[in-house]
Amino acid sequence: MYSILVVDDESLTRNFLQSNIPDWSGEWEVRAVAMDGQEALEMMQTTPFDLVITDIKMPEMDGLELCRRISAQFPQQKIMILSGYDEFPLAQEAIRYGVNCYLLKPIVKEELILALRRVEEELKLSSTNERALTAMKQASEMTQKQVIKQFLAAIVAGNDIEIKMLHPLMHRLGVNLIEADATIMVLALDEHLLLAEAGSVSDSAIFRFIVRQMAEEIAEEMGCGIVFNDAEQHVCIFMTGESKPQLMLNCNRLYERLSEALLLHTKLTVTGAVGSVVSEILQLELPYRYALSEMGRRLFQGTGKLYFSSHHPIALKDGLLRKINTCLVNISAVLFESDDWAYIAPLQQYVECIEPLTVAQSQLYGIALIRYLENRHSDEVLGNTDMAISILKKLSVYQAQLEREQVMDNFKEALRLLRGRDHAVWDEQDIVTRAIAYIYEHYAEPISLASIADKIGVSSAYLSSTFSQRYEEGYIKFLTRIRMEQAARLLKQSHQYKVADVAVKVGYLSPKHFSHVFKQHYGMPPGEFQDQYWSTKS
């Protein structure tokens, strides 16, 4: 049985609804009545109701103010408006406060029954979702940790489907991963060292597992990181800190402890790279991409080190690193063409980057090339990666003298195993206007780039690119600005609004996180902003 609170200053209306609703719909009963909004709010403090049916024009506190108060104090409450024809504009305004539906007076039996059925369906769906959420919250701690790791992996991979599925779940579970600043640290086992050992190249999977286990133990002990694997099987660590200096210090400490432990137990080293700093969880793909770019520096600046992002948004500052990446892109683009030797020219340029021309350095470059192609053409490689890397062992026979022609022949032999084909083309269209409209409508919800792209029928990558090209700011900055502007509007609207309430209303689960972002945007905490504004009004 669902309960109703009827709020109306006319006793005739209250009595009519109280006596007729149970007869018209057996699932509903009028459990209480109130003469105005103030009386209704007092009742709601002690008694929950499934539905509030309220008139607009009432003494003491009218229905519009009641809807606003309910929206602030009981955001999940279902509300139905009863409105006279001349009150229709007021009813429209009430929709902003979460009103589920409105009915015009005089009350029509069929319309009321239909409206109650709609609310009933919403309540049933909500109940189902709540049961699922409760079951998830009661699941083992290990299960929830796996969900978090899966969510992080989906973000850095730009996996639209997983993000759309997990992001609302994370929000409803109350999991807030960022309070201030965060970044991604990527770790890669220096596999070329394995080629000097007698063990199989396939052992690299075992050692990557060891790196992950060690990283998890250290991160848990330090309490500042969550370890997961990306699609390329790099060990990634979601790192947090109260400030950027603290964040960088945490990254350094974790890497140093991991390196010492790994070297002691395996005689191997690991190279790390840290991306840029962000304050929004859905921005993590950017620092992850920066970290992967920085990882390329190990080819000419040495392995077994921790590199930090240069924070350059587009071009890589280092000429050699830019040349190496260009060669990798060009080889990948033509390796799988029908022409068996289309990749020779870019491969030659890639080999020319190797300096010094030693066996270890050449094997390092070879592994980097093979892993790059494996990650971008996984369907075509078909498990030949280990075999291709094993071919690089042949370079060891040239210990005394090594020429670029020998390296070139060795690389060509390895790449013959990795043939395949993959293409994708996108048509351009103007979708920014629809994306902006959607953001304005849903900014208070846990929306993501993937969810917006899905709504308007494009890929998230295309939407991100198009948004940045056709608008002055990227999607994340735009969404953050809209949320901050709406937060400022709410803080100016009433001095009684609490910061925690405003945070929820503009889409932030954590008041601390909201305050951090607000301060970055306006230069002061939201509470100070509110006090300063209202002090000028008094």
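Residues numbered from 1 in each chain as written. Predicted model: local features only at pLDDT ≥ 70, side-chain atom pairs only at ≥ 80, totals over all residues. Heavy atoms only, no water.

Student: What's the story with the side chain of Asp190 in this structure? I'm lost.
Tutor: Among the secondary structure elements, Asp190 is positioned in the loop between strand 6 (181–189) and helix 8 (203–222). At a separation of 2.8 Å, a polar atom in the side chain of Asp190 contacts the side chain of Thr271. Excluding residues within four positions of it along the chain, Asp190 makes contact with Thr269, Val270, Thr271, Arg298, Thr303 and Gly304. (Helix = DSSP H or I, 4+ residues; strand = E, 2+ residues; numbered from the N terminus. Polar contact = N/O pair within 3.5 Å; in protein donor to acceptor, adjacent residues only side chain to side chain. Contact = heavy atoms within 4.5 Å.)

Student: What exactly am I supposed to notice about the sheet that holds strand 8 (residues 235–241) here?
Tutor: Strand pairing in a sheet relies on backbone hydrogen bonds, with the paired strands running either antiparallel or parallel. The strand order 7-8-6-9-10 describes an open sheet built from five strands, whose pairing is mixed. The open sheet is flanked by strand 7 (225–229) and strand 10 (306–308), the only strands paired with a single partner. On average, adjacent strands in this sheet sit at an angle of 20° to one another, irrespective of strand direction. With five bridges joining them, strand 7 and strand 8 adopt antiparallel strand pairing. Note that in strand 8 the partner of Ile226 across the bridge is Phe238. Across the sheet, helix 8 is in contact with strand 6, strand 7, strand 8 and strand 9 (270–274); its angle to strand 7 comes to roughly 165°. This element, helix 9 (residues 244–266), spans strand 6, strand 8, strand 9 and strand 10 of the sheet and lies at about 20° to strand 6. (Pairing = 2+ DSSP bridges. Axes fitted to C-alpha atoms, helices over the stretch in contact; angles between N-to-C directions.)

Student: Which parts of the structure should I look at to understand the packing of helix 13 (residues 344–352) against helix 17 (residues 404–415)?
Tutor: Between two packed helices, both the angle of their axes relative to each other and the distance between the axes serve to describe the pair. Orientation of helix 13 relative to helix 17, taken along the N-to-C sense of each, is 130°, at an axis distance of 10 Å. In this view, helix 13 runs oblique relative to helix 17, as classed from their interaxial angle. As helix 13 runs across helix 17, the sense of the crossing is right-handed. Contact with helix 13, carried on its side by Ile344, Leu347, Gln348, Tyr350, Val351 and Glu352, involves Arg404, Val407, Met408, Phe411, Lys412 and Leu415 of helix 17 and no other residues of that element. Here the residues of the contact of helix 13 with helix 17 sort into eight nonpolar, one polar and three charged. (Parallel < 35°, antiparallel > 145°, perpendicular 65-115°, else oblique. Left-handed = near helix turned anticlockwise from the far one by under 90°. Nonpolar A, V, L, I, M, F, W, Y, C, P; charged D, E, K, R; others polar.)

Student: Quick question: what am I supposed to make of the packing of aromatic side chains here?
Tutor: Two descriptors summarise a pair of aromatic rings, namely the distance from one centre to the other and the angle between the planes of the rings. This model, assessed by the stated rule, comprises 10 aromatic pairs. Their ring planes at 80° and their centres at 5.3 Å tell us that Phe518 and Phe529 sit as a pair that is edge-to-face. Placement of Phe518 in helix 23 (residues 511–522) and of Phe529 in helix 24 (residues 526–535) is noted, with a sequence separation of 11 residues between them. The same class applies to Phe518 and to Phe529, which are both buried. Three or more aromatic residues joined by ring pairs make a cluster, and in this case those are Tyr508, Phe514, Phe518, Tyr522 and Phe529. The positively charged end of Arg483 is found above the aromatic ring belonging to Tyr508, 5.5 Å away from the centroid. (Phe/Tyr/Trp six-rings, centres within 6.5 Å; stacked < 30°, edge-to-face > 60°. Buried < 20%, exposed > 50% of the residue type's maximum accessible area, 1.4 Å probe, protein only. Lys NZ or Arg CZ within 6 Å of the ring centre and 35° of its normal.)

Student: Which parts of the structure should I look at to understand the sheet that holds strand 2 (residues 28–34)?
Tutor: As summarised here, the arrangement of the five strands in space is 2-1-3-4-5, forming an open sheet in which the pairing is parallel. If you trace the sheet from one side to the other, it starts and ends with strand 2 and strand 5 (101–104), each paired once. For this sheet, the mean angle separating the axes of adjacent strands, direction not counted, is 25°. Of the pairings in the sheet, the one linking strand 3 (residues 51–55) to strand 4 (residues 78–83) comprises five bridges and is parallel in character. Bridge assignment links Thr54 to a residue of strand 4, and that residue is Ile81. Helix 1 (residues 11–24) rests against strand 1 (2–7), strand 2, strand 3 and strand 4 of the sheet, and its axis sits at about 165° to strand 2. Against the sheet, helix 2 (residues 37–44) makes contact with strand 1, strand 2 and strand 3, and its axis sits at roughly 120° relative to strand 2, the strand it touches most.

Student: Please explain the nonpolar core as it appears in this structure.
Tutor: Most often, soluble globular proteins keep nonpolar side chains buried together rather than apart. In terms of nonpolar packing, the biggest core is built from 36 residues, with Ile439, Ile452, Leu463, Phe467, Tyr475 and Phe514 touching the most fellow members. Residue assignment for this core shows that the elements contributing at least two residues are helix 18 (432–442), helix 19 (449–456), helix 20 (460–470), helix 21 (475–493), helix 22 (499–505) and helix 23. Per element, the largest residue contribution to this core is 10 residues, and it comes from helix 21. For Leu463, the contacting residues outside a window of four places in its chain are Ile431, Ala435, Leu449, Ile452, Ala453, Ile456 and Val458. Counting 35 residues, the second-largest nonpolar core is a separate cluster that includes Leu347, Leu369, Ala388 and Leu395. (Core = buried A, V, L, I, M, F, W, Y, C linked by side-chain atoms within 4.5 Å.)

Student: I'm lost on helix 23 in this one. Help?
Tutor: It helps to recall that an α-helix has 3.6 residues per turn; residues three or four apart then point in one direction. Along its 12 residues, helix 23 runs 16 Å from first to last C-alpha, staying within 8% of the 16 Å computed at 1.5 Å per residue. Every buried residue of helix 23 is accounted for by His513, Phe514, His516, Val517 and Phe518. Residues of helix 23 that are buried make contact with strand 6, helix 21, helix 22 and helix 24. Just beyond helix 23, the residue with positive phi is Gly523, at close to 85°. (Expected span 1.5 Å × (residues − 1).)

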